[in-house]
Amino acid sequence: LIQTSRAGAPAALNAAGMAMAKMNPIFAEAQRSVAAHKKCASALAALRDDPRFREELLKCANCVLLVYKREPAVERLMQFLVSFVQAEGANSSEGAEEDGLLHFFLDYLVRHHECKDKAVRFRATQMIGLIMDGLPEDAELSDELLDEMQTAMLSRCQDKIPLVRLHAAHALHRLQVPTEENDLATEMLIRLMSSDTSADVRLTALKTIGLSRSTLPPTLERARDIKPEIRKAAYGVIGSRLDPKWLSIKQRVSLLRDGLRDRDEAVRQACGEMLRAHWLRKADGKAVAVLVTLAAEQHADVAELAATELLRDNAELPAGLAGLAPWREEAPLLKLEEALLLRVKYEGLANGKANARAQLDACLPDVPTFVGRLRAHAGEPSVLRELLRLVRSLDLAEEAGRRMLSAHAAELLGSVEITARPDGGALVSEAMQLLRATSDSELSFVRTVTELISELHDPLKADDAAAATAAAEDPEDAAEDAAEDLAEALARVGELKSQLASCVALEDFDAAKMVKSDLREVEKHVRAMEEKSAQSLPSAEANVHALSALRVTEALLACTSADARTPEVAGLCAAVILPALQNEAEQVRALAVSCLGLSCALAKGSARRFWPLLVQVAARDAGPVKAAALRSLADLACVHSPAQLCSVDGGEGAMEGGDEALCECVRALCRATSRDGGAQEPKAQAAGAQGLCKLLLLGRVPESLKCVAMASALCALFEAPGKERNATAEEQSAAESLGGMRQFVQLFVGASQGPEQRRLLACALVPLARATTAAPRRTAWAEVDVERVAQFVSFCVADKEPELLALELARELASRPDATYAPALAKALVGLA
């Protein structure tokens with residue numbers, strides 16, 4: 001490179017020619033081999049006293065600046081130049097001064113950052129970044145040069161060449177101050193990391209940016225980037241540079257949920273490495289402490305994923321959970337996190353090889369001991385649920401043990417205190433599975449459960465439930481009595497506080513000690529009364545007996561096959577489910593609708609009979625009742641054919657009526673998904689979106705509604721109600737449900753009929769964009785970012801058949817060039833290959 005660039009030099013050697021004659025062989029050798037760089041640097045340093053040294057050095061540097069292609073010789077020569085300048089700046093006494101070589105060379109590069117030639121811009125920016133990155137921490141540069149470099153690199157971060165933006169972002173690493181508010185370099189890195197069209201630029205900005213309060217949220221968002229390599233790098237950066245205590249519970253849970261369920265194996269491994277190598281180490285190797293930071297009771301699914309990852313590769317349990325230690329009579333009660341680790345470990349051993357099964361047998365207790373531990377944890381529903389799931393690992397070959405477990409499961413299902421709890425649904429489901437596993441046959445299991453439901457539903461037959469249901473039978477009197485007791489207790493707290501202040505003022509510390517002790521007891525009593533009131537209020541409003549019976553009915557119908565639909569099961573619809581549909585309590589009606597949907601799924605006749613009722617509930621009711629009706633409609637449309645949902649028996653009328661019933665279902669789901677009514681109903685919106693996804697994936701959506709259904713699903717996905725700053729818990733839960741729709745879209749376009757699915761996805765973008773302009777403000781359409789939707793659709797479609805999307809976008813832009821969404825569609829069109 002050097003020899004060819006100087007081929008036209010005159011033969012006569014003046015002073016400059018002599019300096020170049022000495023420098024030429026040094027650079028020629030440096031570009032051939034990296035091994036010669038140390039010797040070449042020493043030879044070049046010997047020439048630095050030559051008055052023409054800097055001028056000739058820049059001439060050699062220009063040879064590098066003019067080459068855009070990343071050839072090996074050019075890369076070696078650039079590496080040599082960077083290393084030499086860094087060494088001169090570190091070793092020379094004048095390195096930090098304005099007349100030093102380091103300052104001189106950086107200033108030269110900065111002055112060429114706006115050159116029209118993209119090669120010069122690229123190489124100048126690249127060398128600035130490499131030089132700054134290699135300087136020691138205590139290196140000093142003048143403020144004027146730092147300001148000039150920052151201005152130049154901020155300008156290059158907006159260059160049209162992605163490679164220039166990449167190295168400009170890298171150069172900002174030593175120029176950013178992430179802890180300062182409104183720092184220009186930090187703000188530019190955030191913009192590049194979040195919205196740059198080049199994946200390489202986003203990746204470099206992610207690795208470059210410093211972590212602070214302002215940069216943490218956009219860094220966490222990269223864990224959901226569309227490119228797997230960026231998601232993988234995000235978990236590496238978060239794990240290695242961020243203490244988990246800086247993250248909120250919501251952020252930790254979101255990271256693990258997305259990472260451990262990612263469709264890319266490398267991303268899942270990176271997330272697991274973050275959890276095991278960093279979070280576990282920072283928790284002093286205590287797996288229980290890691291699970292505590294995830295709020296396992298509220299986020300059971302993520303806690304289970306984390307526990308599985310923590311016990312990966314046959315990791316050992318904590319000392320207190322090893323062997324038979326947790327099953328001894330004198331052992332303390334288990335915490336939820338400990339029970340979760342036990343269950344995950346035992347399930348892993350049960351699914352392992354023969355030696356793993358032998359290890360499991362050495363850890364498992366006998367059935368009487370296990371039942372005793374179940375009874376000991378009766379006051380901890382979340383722990384009891386995990387222990388019930390652990391039963392699957394026990395050896396149930398012994399008849400006596402099965403009967404003991406079956407009796408305990410029936411006892412749990414027949415207890416009003418357990419089945420009517422706000423969080424009792426999951427516990428009822430686990431107890432139902434245990435009872436089914438330990439029953440002699442499915443018919444005997446069904447008869448046992450129907451008898452329990454009858455006892456729960458009729459309080460006159462349940463003598464032991466009288467005390468628990470007194471408040472439900474007369475909720476107004478019970479509420480008034482509880483309010484009066486609480487008011488008296490609060491008044492007593494005020495009196496004791498006044499007495500305590502008087503005793504302290506009189507310096508009567510003995511009396512003050514006694515008053516303080518009484519105050520603690522009364523405050524403890526007040527807290528207990530408040531907790532009891534909070535727990536009893538939902539049960540009183542929801543009619544505790546109906547709620548208990550419906551929960552057990554729902555669990556029974558969910559695990560019952562159509563072959564086991566006995567007259568007792570069929571009678572539950574008339575005796576328990578239908579009367580509950582008229583209950584005033586919203587929670588009872590929602591459970592009744594869910595039970596009705598499960599009952600219809602087991603019998604075609606019931607589906608045909610009650611389909612219109614479910615449609616009316618979805619249209620007229622609201623909140624969780626509407627969500628339950630939408631889920632039931634979608635499930636029935638997936639299970640039964642359209643003709644089976646029509647009230648007309650046989651013939652063409654049945655087919656036409658079935659198609660109309662299916663269209664009616666899809667329209668109801670679309671209305672709920674896009675919030676056409678304007679009401680804020682997150683659960684109903686999530687249920688509608690999930691129902692549309694099921695029907696689209698199974699091909700049950702009529703042809704005339706496919707485009708509308710896909711547009712509504714995309715609308716729900718990108719409206720993201722849970723991202724609002726003041727989002728409620730219900731909206732957060734709905735947002736988490738909608739987050740899984742990204743996996744649905746990937747699965748949808750990768751199905752067996754890939755081209756047809758991608759065509760549908762491409763065709764749905766334009767109707768969605770049009771709907772955003774004419775939609776009322778309170779609907780979901782008005783809150784959709786069309787540019788984000790277009791970017792996502794392009795990512796899903798463009799790899800296989802970009803012409804489908806390109807034609808749709810071009811037609812729309814040609815017909816409506818002045819539309820508000822036109823710039824977003826134009827950007828998507830330009831981004832297509």
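Residues numbered from 1 in each chain as written. Predicted model: local features only at pLDDT ≥ 70, side-chain atom pairs only at ≥ 80, totals over all residues. Heavy atoms only, no water.

**Considerations on the overall build of the protein**
Of regular secondary structure, the protein possesses 42 helices and zero strands. Long-range pairs, those at least 24 residues apart, make up 70% of the contacts in the protein between residues at least 6 apart in sequence. Roughly 39,800 Å² of accessible area belongs to the protein as shown, and the carbon and sulfur atoms make up 51% of that amount. (Helix = DSSP H or I, 4+ residues; strand = E, 2+ residues; numbered from the N terminus. Contact = heavy atoms within 4.5 Å. Areas by Shrake-Rupley, 256 points an atom, 1.4 Å probe, with all protein chains shown as cover.)

**Thoughts on helix α41 (residues 802–815)**
Taking 1.5 Å of rise per residue, the 14 residues of α41 would be expected to cover 20 Å, and the 20 Å separating its terminal C-alpha atoms lies within 8% of that figure. Every buried residue of α41 is listed here: Pro802, Leu804, Leu805, Leu809, Glu812 and Leu813. Viewed along the axis of α41, the buried residues span an arc of 165°, placing them on a single side of the element. Every exposed residue of α41 that faces more than 90 degrees away from the buried side is listed here: Arg811, Ala814 and Ser815. (Expected span 1.5 Å × (residues − 1). Buried < 20%, exposed > 50% of the residue type's maximum accessible area, 1.4 Å probe, protein only. Arc of directions from axis to C-beta.)

**Observations regarding the pattern of salt bridges**
One pass over the full model with this rule turns up 37 salt bridges. With its nearest N and O atoms 3.3 Å apart, the salt bridge here joins Lys59 to Glu56. With Lys59 and Glu56 both in helix α4 (residues 53–65), this residue pair falls three residues apart, about one helical turn. For Glu56, a relative accessible area of 1% gives the class buried. Notably, a salt bridge pairs Asp225 with Arg202, separated by 3.0 Å at the nearest N-O pair. Of this pair, Asp225 sits in the loop between α12 (216–221) and α13 (228–241) while Arg202 sits in helix α11 (residues 199–208), and the two are 23 residues apart along the sequence. Residue Asp225 is classed as buried on the basis of its relative accessible area of 5%. For Arg202, a relative accessible area of 4% gives the class buried. Via salt bridges that share partners, Glu304, Arg343, Glu347, Glu386, Arg389, Arg392 and Glu430 belong to a single interconnected network. (Salt bridge = Lys/Arg side-chain N within 4 Å of Asp/Glu carboxyl O.)

**Observations concerning the state of the cysteines**
As enumerated under the stated definition, the model contains zero disulfides in all. The closest cysteine sulfur to the non-disulfide-bonded Cys600 is located on Cys573, 6.8 Å from its own sulfur. (Disulfide = S-S within 2.5 Å.)

**Let's talk about the confidence of the model for the protein**
Scored by pLDDT, the protein comes out at a mean of 81, with 83% of its residues at no less than 70. Every residue in residues 461–476 is under pLDDT 50, and counting partners more than four places away or in other chains gives 14 contacts. Note on residues 536–542: pLDDT under 50 across the span, and eleven contacts to partners over four residues away in sequence or across chains. (pLDDT = per-residue confidence, 0-100.)

**What about a negative patch on the surface?**
Taken together, the side chains of Asp143, Glu144, Asp147 and Glu148 make up a negatively charged region of the molecular surface. As for its placement among the helices and strands, Glu148 is situated in helix α8 (residues 143–156). (Patch = residues over 30% accessible without salt bridge, like charges linked within 9 Å, V, L, I, M, F, W, Y side chains within 5 Å. Lys, Arg positive; Asp, Glu negative; His and termini not counted. Charge placed at Lys NZ, Arg CZ, Asp CG, Glu CD.)

**Description of the environment of Cys63**
Assignment of secondary structure puts Cys63 in helix α4. Its relative accessible area of 14% is what places Cys63 among the buried residues. Spatially, the C-alpha atoms of Cys63 and Val120 are 10.0 Å apart, while their sequence positions differ by 57 residues.

**A closer look at the side chain of Lys626**
Assignment of secondary structure puts Lys626 in helix α33 (residues 623–639). A relative accessible area of 17% means that Lys626 is categorised as buried. If near-sequence neighbours (up to four positions away) are discounted, Lys626 is found in contact with Ala618, Asp621, Ala672, Glu681 and Ala684.

**A word on the environment of Ile161**
Structurally, Ile161 can be placed in the loop between α8 and α9 (162–171). With sequence-adjacent residues up to four places away left out, Ile161 is seen in contact with Tyr68, Lys118 and Arg121.

**Quick notes on the packing of aromatic side chains**
A full pass over the atoms with the stated rule returns five aromatic pairs. Over the ring of Tyr68 we find Lys118; its NZ or CZ atom is 4.5 Å from the centre of that ring. (Phe/Tyr/Trp six-rings, centres within 6.5 Å; stacked < 30°, edge-to-face > 60°. Lys NZ or Arg CZ within 6 Å of the ring centre and 35° of its normal.)

**Concerning the packing of helix α29 (residues 544–558) against helix α31 (residues 586–602)**
Put simply, α29 and α31 touch, their axes get as near as 9 Å, and they point 25° apart. When the axes of α29 and α31 are compared, the pair comes out roughly parallel. The crossing of α29 and α31 is left-handed. For the pair formed by α29 and α31, the contact residues are Ala546, Leu547, Leu550, Arg551, Thr553, Glu554, Leu557 and Ala558 on the first element and Gln587, Val588, Leu591, Ala592, Ser594, Cys595, Leu598, Ser599 and Leu602 on the second. Its residues assigned to classes, the contact of α29 with α31 shows eleven nonpolar, four polar and two charged. (Axes fitted to C-alpha atoms, helices over the stretch in contact; angles between N-to-C directions. Parallel < 35°, antiparallel > 145°, perpendicular 65-115°, else oblique. Left-handed = near helix turned anticlockwise from the far one by under 90°. Nonpolar A, V, L, I, M, F, W, Y, C, P; charged D, E, K, R; others polar.)

**A word on helix α14 (residues 249–260)**
With twelve residues, α14 should cover 16 Å at 1.5 Å per step; its first-to-last C-alpha distance of 16 Å lies within 8% of that length. Among the residues of α14, those classed as buried are Arg252, Val253, Leu255, Leu256, Arg257, Asp258, Gly259 and Leu260.

**Some thoughts on unusual backbone geometry**
Here Asn182, not a glycine, exhibits a phi torsion of approximately 65°, which is positive. Non-glycine residue Ala295 carries a positive phi angle of around 50°. Within the secondary structure, Ala295 is located in the loop between α16 (287–292) and α17 (300–310). For Ala295, a relative accessible area of 15% gives the class buried.

**Topic: the packing of α13 against helix α15 (residues 265–282)**
Close contact between α13 and α15 brings their axes to 9 Å; oriented N to C, the two are set at 5°. Classified by the interaxial angle, the pair formed by α13 and α15 is roughly parallel. Where α13 approaches α15, its residues Pro228, Arg231, Lys232, Tyr235, Ile238, Gly239 and Ser240 are matched on the opposing element by Ala266, Val267, Ala270, Cys271, Met274, His278 and Lys282.

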